[in-house]
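Remarks on the overall topology
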Amino acid sequence: MVSPDGIGELLRTIRERADRTREQQAKRMTAAGLVCTVENLKRWETERRLPTPVWRSAIRAVYGLSDEQLDQALENTRRHRRQQRMEDDDVKRRKLFTLAAATAGFAVLPGIAQAREGIDTGLAGDGAGDLTYLEGAFERHRGGYNGRAPDAVLGEMREDLALLAAVLRRPHPSKDRADLARTAAGISGLVAIVQHDRGDQADAHRWFATAATAARESGDRRMTAWVLGRHAMVGLNYGAPGQAARVAAQARREAGARPSGAAALAAAVNARALAAVGDIPGARRAIDDVRTLAEQLDGPDGADTWFGYPTQKHHVHLSQAYTLLGDTRAAYRAQDEALTLTISPSVMTRALIAMDTAACLRVDGDPGAAADMAAAVYDRLPPAYRSGLVHSRAQLLHRHLDGAPRRLLGEALA
């Protein structure tokens, strides 16, 4: 929505009053300074982008504006954007606590944080319960987003989290207790993944810590390796690759020598983290390891779930690893393979692959195309995906740009 009294409304109104088309206005802008296209004007008038300082003199000349008028209009737009972001955040918070209304006798459900605390409390003492429903819930939830926004998935899980916290406090035989702890590890890990994707790093760390406690209690080293491998991605994707490399190495030790989805995930994340910290030989060795492991996976280990390591996910990880290594030829191949195999409506996966492509364009010496592509991808994202993981990947590219490309992408992220 264009902001009232913002730059978009101002430019559009002046153009309409002068009875000029965008094409005519673009020609006048070009004559007054830099080459300007109809798309430039359309983006400014719809406020998908703000004009950068290099356009100021041409805008003043063609639209007959003073510096004060231009400054005020731009500030109105920025203020409107900030307000919209605050309102969007408020809507997300309300949805998080109201999407999954209590049913089947649950009059009031605790919030996400309270649920985690209840699970932690249950893990600290004796107790268990009937695992049948919760095991099914873990299987149901681990299927991934399937076109749903992260907030919606988290909302759907709240009822099961409350039940899990309650079941953990009940007495139960030791074997069933171990099975319950494994289920608790899996479900807690899924919540952590969603929080990671939403950009709530602190809560993701807390949920992964809860999941690791449960996994170790269960005695299932493969589950422990999966939790640690996923946990390493928080540091990897949010600016702490050194920490990610250490956690991923720990995950690889827990996974052991036998091929598994957890072992492949740990090797893939380790490869990306080592590439990010500049350990090129280590990253190459980890890539070789994950290729070998991926070739041996079948059944649940190779399934397209958050718990499996399917071929599509393999190429998504390779795309990022090769991108960080600067091996753009291999990165482009991995991106093509990943997109070919991405048949579900995965908004986030497609956006992340596109961000990798943009990063490769920068490495190949075309920062303008890189910024254009990243900004276009970000512009098309639904509001639910504009924060968190995709935003973090776009920011990483932004830090490696300068000049006009840096300004262009910065405006899209503002």
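Predicted model, so just to flag it, every value in this text is computed and none were measured.

All right, on to the overall build of the chain then. Of regular secondary structure, the chain possesses 20 helices and zero strands. Buried positions account for 51% of the 414 residues belonging to the chain. Look at the contacts in the chain between residues 6 or more apart in sequence, and 68% of them connect residues 24 or more apart.

Turning next to the environment of P382. Inspection of the secondary structure puts P382 in the loop between α18 (367–380) and α19 (389–399). Of the residues examined, P382 reaches a relative accessible area of 34% and is grouped as partly exposed. Sequence separation of P382 and A149 is 233 residues, and the distance between their C-alpha atoms is 9.2 Å.

What follows concerns empty space enclosed by the protein. On inspection of all chains with the given rule, the structure shows one cavity of 30 Å³ or more. Around the largest cavity, the lining residues are A268, A271, R272, I287, V290, Y309, H314, H317, L318 and A321. Secondary structure elements with two or more residues in the lining of the largest cavity: α13 (261–276), α14 (280–294) and α15 (311–325). Of all the elements, α15 adds the most residues to the lining of the largest cavity, at four residues.

Attention shifts here to the side chain of D197. Its place among the elements puts D197 in helix α9 (residues 174–198). In this structure, D197 is buried with no salt-bridge partner, the nearest side chain bearing the opposite charge being R230 at 6.1 Å. What D197 contacts, discounting residues up to four positions off in sequence, is Y145, Y238, M348, S387, G388 and L389.

Judged by nonpolar contacts, the single largest core of 100 residues is most densely connected at L161, L164, M223, W226, V227 and L409. Here this core takes twelve residues from α13, the largest share from any one element. Once you skip the residues sitting within four places of it in the chain, L161 turns out to touch I112, A115, I119, I187, V191 and W207. Membership of the second largest hydrophobic core comes to 17 residues, among which are M29, W44, I59 and Y63.

One can describe the packing of α15 onto helix α17 (residues 347–363) by two numbers: an axis separation of 9 Å at closest approach and a directional angle of 25 degrees. Judged on the interaxial angle alone, α17 and α15 are roughly parallel. For the crossing formed where α15 meets α17, the hand is left-handed. On α17, the residues that touch Q312, V316, S319, Q320 and T323 of α15 are T349, I353, D356, A359 and C360. Looking at side-chain class alone, the contact of α15 with α17 contains four nonpolar, five polar and one charged residues.

Counted by the stated rule, this structure contains one aromatic pair. Centre to centre, the rings of W226 and F307 are 5.0 Å apart; their planes meet at 55 degrees, and the pair counts as tilted. Placement of W226 in helix α11 (residues 221–237) and of F307 in the loop between α14 and α15 is noted, with a sequence separation of 81 residues between them. Of the two residues examined, W226 and F307, each falls in the buried class.

With that settled, consider α18. Counted at 1.5 Å a residue, the expected span for α18 with its 14 residues is 20 Å, and the 20 Å between its end C-alpha atoms agrees. Within α18, the full set of buried residues consists of A370, A371, A374, A375, V377, Y378 and D379.

What follows is about the packing of α13 against α14. With their axes 8 Å apart at the nearest point, α13 and α14 run at an angle of 160 degrees to one another. Between α13 and α14, the angle falls in the class roughly antiparallel. When the axes of α13 and α14 are compared, the crossing they make is left-handed. Mapping the contact onto sequence places A263, A264, A267, A268, N270, A271, L274 and A275 in α13 and G282, A283, A286, I287, V290 and L293 in α14. Each residue belonging to the contact of α13 with α14 can be placed in one class, and the counts come to twelve nonpolar, two polar and no charged.

Let us now look at the environment of G155. When you line up the elements, G155 lands in helix α8 (residues 150–168). Placed 43 residues apart in sequence, G155 and I112 show a C-alpha to C-alpha distance of 9.1 Å.

Here we come to the pattern of salt bridges. All chains considered together, the criterion is met by eleven salt bridges. Of the charged contacts, one joins R177 and E217 as a salt bridge, the two residues approaching to 2.6 Å between their closest N and O atoms. With a gap of 40 residues between them, R177 in helix α9 and E217 in helix α10 (residues 201–218) connect regions that are remote in the sequence. Relative accessible area serves as the criterion here: at 9%, R177 is assigned to the buried category. A salt bridge links R284 to D327; the shortest N-O distance between them is 3.3 Å. Taken together, the residues R284 in helix α14 and D327 in the loop between α15 and α16 (328–341) connect sequence positions 43 residues apart. Taking the relative accessible area as the measure of exposure, R284 reaches 35% and is therefore partly exposed.

Space inside the second largest pocket adds up to approximately 730 Å³. What lines the second largest pocket is a set of 37 residues, and nearest its centre among them are W306, Q312, K313, S346 and T349. Elements that contribute at least two residues to the lining of the second largest pocket include exactly α9, α11, α13, α15, α17 and α19. Taken together, the residues of the lining of the second largest pocket sort by class into 15 nonpolar, 14 polar and eight charged.

One rule of thumb: low pLDDT means the predicted coordinates there are not for detailed reading. With 86% of its residues at a pLDDT of 70 or more, the chain has an overall mean of 83. Confidence drops under pLDDT 50 across residues 92–110; counting only partners more than four residues distant or on other chains, this segment forms 30 contacts. Confidence drops under pLDDT 50 across residues 125–129; counting only partners more than four residues distant or on other chains, this segment forms 24 contacts.

About the criteria used
- Residues numbered from 1 in each chain as written.
- Predicted model: local features only at pLDDT ≥ 70, side-chain atom pairs only at ≥ 80, totals over all residues.
- Heavy atoms only, no water.
- Helix = DSSP H or I, 4+ residues; strand = E, 2+ residues; numbered from the N terminus.
- Buried < 20%, exposed > 50% of the residue type's maximum accessible area, 1.4 Å probe, protein only.
- Contact = heavy atoms within 4.5 Å.
- 1 Å grid on protein atoms, 1.4 Å probe; cavity = no way out; pocket = protein on both sides within 12 Å on 5 of 7 lines; lining within 4 Å.
- Points joined across faces, edges and corners; volume = space filled by probe spheres on them.
- Lys, Arg positive; Asp, Glu negative; His and termini not counted.
- Salt bridge = Lys/Arg side-chain N within 4 Å of Asp/Glu carboxyl O.
- Core = buried A, V, L, I, M, F, W, Y, C linked by side-chain atoms within 4.5 Å.
- Axes fitted to C-alpha atoms, helices over the stretch in contact; angles between N-to-C directions.
- Parallel < 35°, antiparallel > 145°, perpendicular 65-115°, else oblique.
- Left-handed = near helix turned anticlockwise from the far one by under 90°.
- Nonpolar A, V, L, I, M, F, W, Y, C, P; charged D, E, K, R; others polar.
- Phe/Tyr/Trp six-rings, centres within 6.5 Å; stacked < 30°, edge-to-face > 60°.
- Expected span 1.5 Å × (residues − 1).
- pLDDT = per-residue confidence, 0-100.

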